[in-house]
Amino acid sequence: MRRARVYSKAILCLALGVIALLCSSCNLIDDIINTNTPTPYETAAPTPADVTPTPYPHTTTKLVDSEKLLAVIFESIRDDFDFESVDDSFCAYIFNRPFLSQIAKEKPEYSVIAAGIYTAIITSQKEYKIPDAYSIHKDDILRIVFFLKNECPELFHMDKSYSYLSDSNDIVKSLKFQYRMSPFDYYEALKRTYETIQVWSEAVATKSEYERELALYNEIMANCIYSLNADFRDSAYGAIVLGKALCEGYSHAFMMAMHYNGIVATQLTGNAFNSENGEEEPHAWNIVYINGEPYQTDPTWDDFDDSRTSRSRYTYFNITDDEMMHKRTLDDRFATVEVPKCTATEYNYFIVNDLFVEEGTDIKALLFDKLSALNVNEGEKGKSIQLKFESKEDYELFNEKHADWVKEWNKESARIFGISGFSYYTSDDLLVVSYAYRFGKK
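Residues numbered from 1 in each chain as written. Predicted model: local features only at pLDDT ≥ 70, side-chain atom pairs only at ≥ 80, totals over all residues. Heavy atoms only, no water.

1. Quick notes on the overall build of the protein chain
Part 1 of the argument: In terms of regular secondary structure, the protein chain is built from 13 helices and 15 strands.
Part 2 of the argument: The buried share among the 442 residues of the protein chain stands at 55%.
Part 3 of the argument: Counting only contacts in the protein chain whose residues sit at least 6 apart along the sequence, the fraction spanning at least 24 positions is 70%.
Part 4 of the argument: With the model as given, the accessible surface of the protein chain reaches about 19,000 Å², and the carbon-plus-sulfur share is 47%. (Helix = DSSP H or I, 4+ residues; strand = E, 2+ residues; numbered from the N terminus. Buried < 20%, exposed > 50% of the residue type's maximum accessible area, 1.4 Å probe, protein only. Contact = heavy atoms within 4.5 Å. Areas by Shrake-Rupley, 256 points an atom, 1.4 Å probe, with all protein chains shown as cover.)

Right under this line is the structure:
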């Protein structure tokens, strides 16, 4: 496949019209600048990309060839990179992303342009020129760039500001990009990010998709703390290497780890109602495919950096649309694609681990069984039980009667150590409870 050459010396008109698009990813703002007077330039007419996009693929191989990716970036640093020499296999994997695959199928030129933009950004090119053979409206360009940034977490070196050159009919002729690190610094940062993911992945290489997902989810949360002002806080690099991130950094880290392990994942952005502060705020989270079925998951809202050991880390792990979306709204651009319907429950954390309480269960007996199964020493803290209820009535009854039942269990239990105190976390929305106990001699 031939790619259009990137020319870095095109002259942009100084009459600027600024459009600010809120990507709703924890204060993520894209500054998109349009210069409306095109400058003549020369391009080679490309042929359509030789790729076969799959809307929602299921694979057991890496979705990203990190070694090839790093090699191409290094070639561009040494100035011996030939833009037209990039073969189909290098760009084809970007179409194994749920939303980019849909866009690529809409029109043949979309796959060529998306692959061209991706290659330009990954090699830190300052400009990408739309091939003369194609005519694309600014709305379609903005949409392509939006989903490239959403579904390609490896592009974390790109600045949020970029510009496009269009004619009087809003037909885009070229795009210009800015970067927040040098090409060599980007190469080193991306290499370190993949090396960390590789170490995590090697430990669970023979595990099932669910087990790999859970292990990597835990690694991200153990490695990262939530930060509003850290460098690269909106990126996988910030979450995985630097250890501080916003919600977009968490979701990009999760997506990047999944891609490395051959698990299809994407990012959703929009607004979420935060019950802790009672406000609606920009947010980013994920959809992940486990054994071919999509699930919603939110590593940010499952990560707690305080001392409340009672809080569940898996409330938002592999849940349904109904559970995740009743207090969330998606960015408008998601109305232009088919968002996967997440209805499966098989790989929800609580179901897999036999922590789901079906309606009609003797919940007092269940609590006694769970308490008796805890292996504790005197004064030990942090031993906990987590449950997810099918019935709101059972959930409310459990929380209402829990303290009385614990006293009763203490009296009936023949164990030396009894419960001397507890803390708890509850989710009224998802009917999840997590109780952490402290034990002492009776």
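More follows now that the structure is in view.
2. Comments concerning the sheet that holds strand S8 (residues 265-274)
Part 1 of the argument: Across the sheet, four strands lie side by side as S10-S9-S8-S11; this open sheet has antiparallel pairing. A single partner strand is all that each edge strand has here, and the edge strands are strand S10 (293-297) and strand S11 (328-330). Between one strand axis and the next, the sheet turns through 35° on average, direction left out of account.
Part 2 of the argument: With five bridges connecting them, strand S9 (residues 279-290) and S10 associate as antiparallel partners. Bridging from a neighbouring strand, tyrosine 289 pairs with proline 294 of S10.
Part 3 of the argument: Its contacts with the sheet place helix H3 (residues 98-106) against S8 and S9, and it is angled at close to 115° to S8.
Part 4 of the argument: Where helix H7 (residues 209-223) meets the sheet, its contacts fall on S9 and S10, and the angle it forms with S9 comes to roughly 145°. (Pairing = 2+ DSSP bridges. Axes fitted to C-alpha atoms, helices over the stretch in contact; angles between N-to-C directions.)

3. As for helix H5 (residues 138-151)
Part 1 of the argument: An ideal rise of 1.5 Å per residue puts 20 Å on 14 residues; H5 measures up with 20 Å between its terminal C-alpha atoms.
Part 2 of the argument: In terms of burial, H5 is largely enclosed, as 12 of its 14 residues are buried.
Part 3 of the argument: The set of residues buried in H5 consists of Lys138, Ile141, Leu142, Arg143, Ile144, Val145, Phe146, Phe147, Leu148, Lys149, Asn150 and Glu151. (Expected span 1.5 Å × (residues − 1).)

4. What to know about helix H6 (residues 183-202)
Part 1 of the argument: Look at H6: 28 Å from first C-alpha to last across 20 residues, which is about the 28 Å you get at 1.5 Å a residue.
Part 2 of the argument: Those residues of H6 that fall on the buried side of the exposure criterion are Tyr186, Tyr187, Ala189, Leu190, Thr193, Tyr194, Ile197, Trp200 and Ser201.
Part 3 of the argument: Contacts made by the buried residues of H6 are with helix H1 (66-77), helix H4 (108-122), H7, helix H8 (236-242) and helix H9 (247-260).

5. Points about the packing of H7 against H9
Part 1 of the argument: Where H7 meets H9, the closest approach of the two axes is 10 Å, and the angle between their N-to-C directions is 145°. Remark: the crossing between H7 and H9 carries right-handed chirality. Packed against H7, whose contacting residues are Glu213, Leu216, Tyr217 and Ile220, the element H9 presents Tyr250, Ala253, Phe254, Ala257 and Met258 at the interface.
Part 2 of the argument: Of the residues assigned to the contact of H7 with H9, the class counts are eight nonpolar, no polar and one charged. (Left-handed = near helix turned anticlockwise from the far one by under 90°. Nonpolar A, V, L, I, M, F, W, Y, C, P; charged D, E, K, R; others polar.)

6. Quick look at the pairing of strand S14 (residues 417-427)
Each regular strand carries side chains that alternate between the two faces of the sheet.
Part 1 of the argument: As paired strands, S14 and strand S15 (residues 432-441) are joined by 10 bridges and run antiparallel to one another. Counted as the bridge partner of phenylalanine 422 is tyrosine 437 from S15.
Part 2 of the argument: Here S14 folds back onto S15 in antiparallel fashion, the turn holding four residues, of which leucine 431 has a positive phi close to 55°.

7. Quick word on the environment of serine 135
Part 1 of the argument: With respect to the element layout, serine 135 can be found in the loop between strand S3 (127-129) and H5.
Part 2 of the argument: Sequence separation between serine 135 and valine 172 is 37 residues, and the spatial gap between their C-alpha atoms is 7.4 Å.

8. Considering the pairing of S15
Part 1 of the argument: Most of S15 sits out of view: eight of its 10 residues are buried.
Part 2 of the argument: Of the pairings in the sheet, the one linking strand S13 (residues 383-389) to S15 comprises six bridges and is antiparallel in character. Bridge pairing in S15 links glutamine 386 to serine 434.

9. Comments concerning the environment of arginine 328
Part 1 of the argument: With respect to the element layout, arginine 328 can be found in strand S11.
Part 2 of the argument: Taking the C-alpha atoms as reference points, arginine 328 and glycine 270, separated by 58 residues in sequence, lie 7.1 Å from one another.
Part 3 of the argument: Residues contacting arginine 328, with those up to four places away along its chain left out, are Asn271, Ala272, His283, Trp285, Asp298, Trp301 and Tyr316.
Part 4 of the argument: A distance of 2.9 Å separates the side chain of arginine 328 from the side chain of aspartate 298, its partner in a polar contact. (Polar contact = N/O pair within 3.5 Å; in protein donor to acceptor, adjacent residues only side chain to side chain.)

10. Thoughts on a negative patch on the surface
Part 1 of the argument: Taken together, the side chains of Glu358, Glu359, Glu390 and Glu393 present a region of like negative charge at the surface.
Part 2 of the argument: Along the chain, the position of glutamate 393 falls in helix H13 (residues 392-412).
Part 3 of the argument: Judged by relative accessible area, glutamate 393 falls into the exposed class, the value being 56%. (Patch = residues over 30% accessible without salt bridge, like charges linked within 9 Å, V, L, I, M, F, W, Y side chains within 5 Å. Salt bridge = Lys/Arg side-chain N within 4 Å of Asp/Glu carboxyl O. Lys, Arg positive; Asp, Glu negative; His and termini not counted. Charge placed at Lys NZ, Arg CZ, Asp CG, Glu CD.)

11. Overview of the packing of aromatic side chains
Describing an aromatic ring pair means giving the distance of the ring centres and the angle of the ring planes.
Part 1 of the argument: In the structure shown here, the tally under the stated rule is 30 aromatic pairs.
Part 2 of the argument: Aromatic side chains tyrosine 217 and phenylalanine 317 sit 4.6 Å apart centroid to centroid with 65° between the ring planes, which places their arrangement in the edge-to-face category. Residue tyrosine 217 is found in helix H7, and its partner phenylalanine 317 is found in the loop between S10 and helix H10 (321-325); the two are separated by 100 residues along the sequence. Both residues of the pair, tyrosine 217 and phenylalanine 317, count as buried.
Part 3 of the argument: Members of the aromatic cluster, connected to one another through ring pairs, are Tyr210, Tyr217, Phe254, Tyr295, Tyr314, Phe317, Tyr347, Tyr349 and Phe350.
Part 4 of the argument: Taking NZ or CZ as reference, arginine 328 lies 4.7 Å from the ring centre of tryptophan 285, over its face.
Part 5 of the argument: Of note, arginine 328 hangs over the ring of tryptophan 301, and the distance from its end group to the ring centre comes to 4.3 Å. (Phe/Tyr/Trp six-rings, centres within 6.5 Å; stacked < 30°, edge-to-face > 60°. Lys NZ or Arg CZ within 6 Å of the ring centre and 35° of its normal.)

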